[in-house]
Amino acid sequence: MKLSVPGRVTGAAVIAVAALLTTSAIADAAPARVAAAPDIPVANVKAHLTQLQSIATANGGNRAHGRAGYKASLDYVKAQLDAAGFTTTIQQFTASSRVGYNLIADWPGGDANQVVMAGSHLDSVTSGAGINDNGSGSAALLEAALTVSRTQYQPTKHLRFAWWGAEELGMIGSRNYVNGLTTANRAKISGYLNFDMIGSPNPGYFVYDDDPAIEKTLKDFYAGIGVATEIETEGDGRSDHAPFKSAGIPVGGVFTGASSTKSAAQAAKWGGTAGQSFDRCYHSSCDTTSNINDTALNRNSDALAYAVWELSE
Ligand code: DPN
Ligand code: ZN
């Protein structure tokens, strides 16, 4: 249903729409608009973060490339995707004398000549559990993929999800993937969406300004929920979208900020604390499940789903 404003509406219609919006707001602070994309349950995203935290805790406190915590994270994500009907592939590579892995998950169906990809890096730095960086993107992406399966979404385009290894060593996994594509397969990817740090504790709402169409899609989502955005500049070229962009593939994504400081103007529009980093625990041992802003995680999980659904239908 499109929320247009008709010239005349009956009182009953107004009440019905108001009731609809109230119900969805209570359910999960859902955007006050009706879209084809589903509302991703943030409680499920948080449950994945709890699992990733447990994995780090059981494996020396991190989920870093070449360590047991990385492989356990990969196994956790893969098992759920396999059970949900995805076709999963593990890509192995070596970096800094340690073995690393990408996990690729294809949703059967859709036009194989038009592939919409969404990805997140699953590795942490060695100094911590990496829950905002980048459990947040990885967990939201997993829940969106599981929602594709739950709703049995059958888009026009083909959907492919990816969890990258060794991003923290310089985007090794994603670069490996892109370099391994034949020219023909590269040309089939109509867009790549990146999700890296989307639940920062003192969040900003940043949209990548790479491909105009993808950027507009993400901005439309935020406009629909009445949240102001800014162009992403802090992380330019510093995450897994970079190899795709270098290969000429349209890219986009969202980001809630790392070590940069939130300005007074940004705190005025987004709340939070001016003069403090977006993520004070960036790349440190306090990047735990306490290092997440639930509102940011919820909004960006829904933004992710919105973009995946809108760009693939
Ligand atoms: N990739 C993040 C890091 O670990 O340094 C920073 C970043 C996040 C950069 C999102 C760009 C976009
Ligand atoms: Zn990161």
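Before reading on, note that the structure itself is shown above.
The model shown is predicted, which means the values in this text are computed figures rather than measured ones.

Definitions and cut-offs
Residues numbered from 1 in each chain as written. Chains lettered and ligands numbered in written order. Predicted model: local features only at pLDDT ≥ 70, side-chain atom pairs only at ≥ 80, totals over all residues. Heavy atoms only, no water. Donors = N, O, S within 2.8 Å, 3.2 Å for Na, K, Ca; no water. Helix = DSSP H or I, 4+ residues; strand = E, 2+ residues; numbered from the N terminus. Buried < 20%, exposed > 50% of the residue type's maximum accessible area, 1.4 Å probe, protein only. Pairing = 2+ DSSP bridges. Contact = heavy atoms within 4.5 Å. Axes fitted to C-alpha atoms, helices over the stretch in contact; angles between N-to-C directions.

Caption draft 1: Fine view of the coordination of the zinc ion (ligand 2). Here the zinc ion (ligand 2) is held by His121 (NE2), Asp133 (OD), Asp196 (OD) and Asp196 (OD), and the distances to it run 2.0 to 2.7 Å. Spacing between the donor residues of the zinc ion (ligand 2) along their common chain follows H-x11-D-x62-D. Taken together, the residues span a long stretch of sequence, with Asp133 in helix 4 (residues 131–150) and Asp196 in the loop between strand 5 (189–195) and strand 6 (206–207) at a distance of 63 residues. You can call Asp133 buried: its relative accessible area is 3%. With a relative accessible area of 7%, Asp196 lands in the buried category.

Caption draft 2: View of the sheet that holds strand 1 (residues 87–95). Pairing in this open sheet of eight strands is mixed, and the strands run 1-2-4-3-5-8-6-7 from one edge to the other. Of all the strands in the sheet, just strand 1 and strand 7 (230–231) have a single pairing partner and so form its edges. As paired strands, strand 1 and strand 2 (residues 98–107) are joined by nine bridges and run antiparallel to one another. Looking at strand 2, one finds that Gln91 is bridged to Asn102. Packed on one face of the sheet, helix 3 (residues 68–83) meets strand 1, strand 2 and strand 4 (157–164) and runs near 15° to strand 2.

Caption draft 3: View of helix 4. Across the 20 residues of helix 4, 19 count as buried, placing the element largely inside the fold. Looking one or two residues past helix 4, Gln152 carries a phi angle of roughly 50°, positive in sign.

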